Amino acid sequence: MRALSLTCTLNSSPTSSSSQLLSDQVLRELEKLDVATATARVADYAVLPGIGTDLGEGDDWPQLREKVLQADILLLATPIWLGHPSSICQRVLERLNAESSETDAEGRPLMYGKVAAVAVVGNEDGAHKVSADLFQGLNDIGFSLAPGAVTYWVGEAQHGTDYKDLDATPDEVAHTTHTVAANAVHLARLLKQTPYPPS
């Protein structure tokens, strides 16, 4: 079982990131469940705008796409900006949209059988709206969602503390992060044993 996190912070490495921190916490929970994990900070790649699996010279998306294809579980981690997922996260969804026309030998979209989950950070409310946007897009592309497929942290309105600056992870976030991982692995294992029927 393999999991990949595409972390959609606007900051490239090695800048610290609350999205990366929450992503890493989800991956640690997955590792406890014997899942091999990998992460890619999308800002470190040149992902060109457009709908296509490969947009040619200068496009790093094919590298990330190959990692997605190898994964059983995809985690999208994003900050909230102006009430929306980051622009990088939106671009990832747009590039993943090209998979809608890619099928396996039995006519199933390639993302069928893969499980998606979401991690959201922000310093005001909006995690439900952001996760709803991502859930719809991921499901349209063919990913399955387990119950409780999001973990998030948002602080009180009009404060300036980032998740990465907290002294400790709040118990509620830690519990939810564990549940996201456990449910995603459970569903991914079921789908490996019993794939969706051919289209």
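Note: the structure precedes this text.
Rules used throughout
- Residues numbered from 1 in each chain as written.
- Predicted model: local features only at pLDDT ≥ 70, side-chain atom pairs only at ≥ 80, totals over all residues.
- Heavy atoms only, no water.
- Helix = DSSP H or I, 4+ residues; strand = E, 2+ residues; numbered from the N terminus.
- Buried < 20%, exposed > 50% of the residue type's maximum accessible area, 1.4 Å probe, protein only.
- 1 Å grid on protein atoms, 1.4 Å probe; cavity = no way out; pocket = protein on both sides within 12 Å on 5 of 7 lines; lining within 4 Å.
- Points joined across faces, edges and corners; volume = space filled by probe spheres on them.
- Nonpolar A, V, L, I, M, F, W, Y, C, P; charged D, E, K, R; others polar.
- Core = buried A, V, L, I, M, F, W, Y, C linked by side-chain atoms within 4.5 Å.
- Contact = heavy atoms within 4.5 Å.

## What to know about unusual backbone geometry
Step number 1: Residue Pro 14 is reached from Ser 13 by a cis peptide bond, and omega for that bond is 5°.
Step number 2: Take Pro 14: it is sitting in the loop between β1 (2–7) and α1 (18–32).
Step number 3: The phi dihedral of Asp 34 falls on the positive side, at around 65°, and the residue is not glycine.
Step number 4: Structurally, the position occupied by Asp 34 is in the loop between α1 and β2 (36–41).
Step number 5: You can call Asp 34 exposed: its relative accessible area is 65%.
Step number 6: In the Ramachandran plot, Leu 82 falls in the positive-phi region, its phi being about 55° despite a non-glycine side chain.
Step number 7: Tracing the chain through its elements places Leu 82 in the loop between β3 (73–81) and β4 (84–85).
Step number 8: Note on Leu 82: relative accessible area 84%, which makes it exposed.

## Focus on the layout of surface pockets
Step number 1: Of the volumes computed, that of the largest pocket is approximately 390 Å³.
Step number 2: Pro 79, Ile 80, Trp 81, Gly 122 and Asp 162 are, among the 20 residues lining the largest pocket, the residues nearest its centre.
Step number 3: Going through the elements one at a time, α1, β3 and β5 (115–122) are the ones with two or more residues in the lining of the largest pocket.
Step number 4: Per-element tally for the lining of the largest pocket: the top contributor is β3, with three residues.
Step number 5: In terms of residue class, the lining of the largest pocket is made up of seven nonpolar, nine polar and four charged.
Step number 6: Of the pockets and cavities examined, the second largest pocket occupies roughly 270 Å³.
Step number 7: Along the walls of the second largest pocket sit 14 residues, with Leu 110, Tyr 112, Gly 113, Lys 114 and Lys 192 positioned nearest its centre.

## As for the nonpolar core
Step number 1: In this structure, Leu 6, Leu 96, Leu 138 and Phe 143 are the most contacted members of the largest nonpolar core, which totals 29 residues.
Step number 2: Elements that contribute at least two residues to this core include exactly β1, α2 (61–70), β3, α3 (87–96), β5 and α4 (127–141).
Step number 3: If we ignore the near neighbours within four places in the chain, the residues touching Leu 138 are Leu 74, Leu 76, Leu 93, Leu 96, Ala 116, Val 118 and Phe 143.
Step number 4: Listed in part, the 24 residues of the second largest apolar core include Ile 73, Ala 119, Val 180 and Ala 188.

Function-wise, these values are silent; they only describe arrangement.
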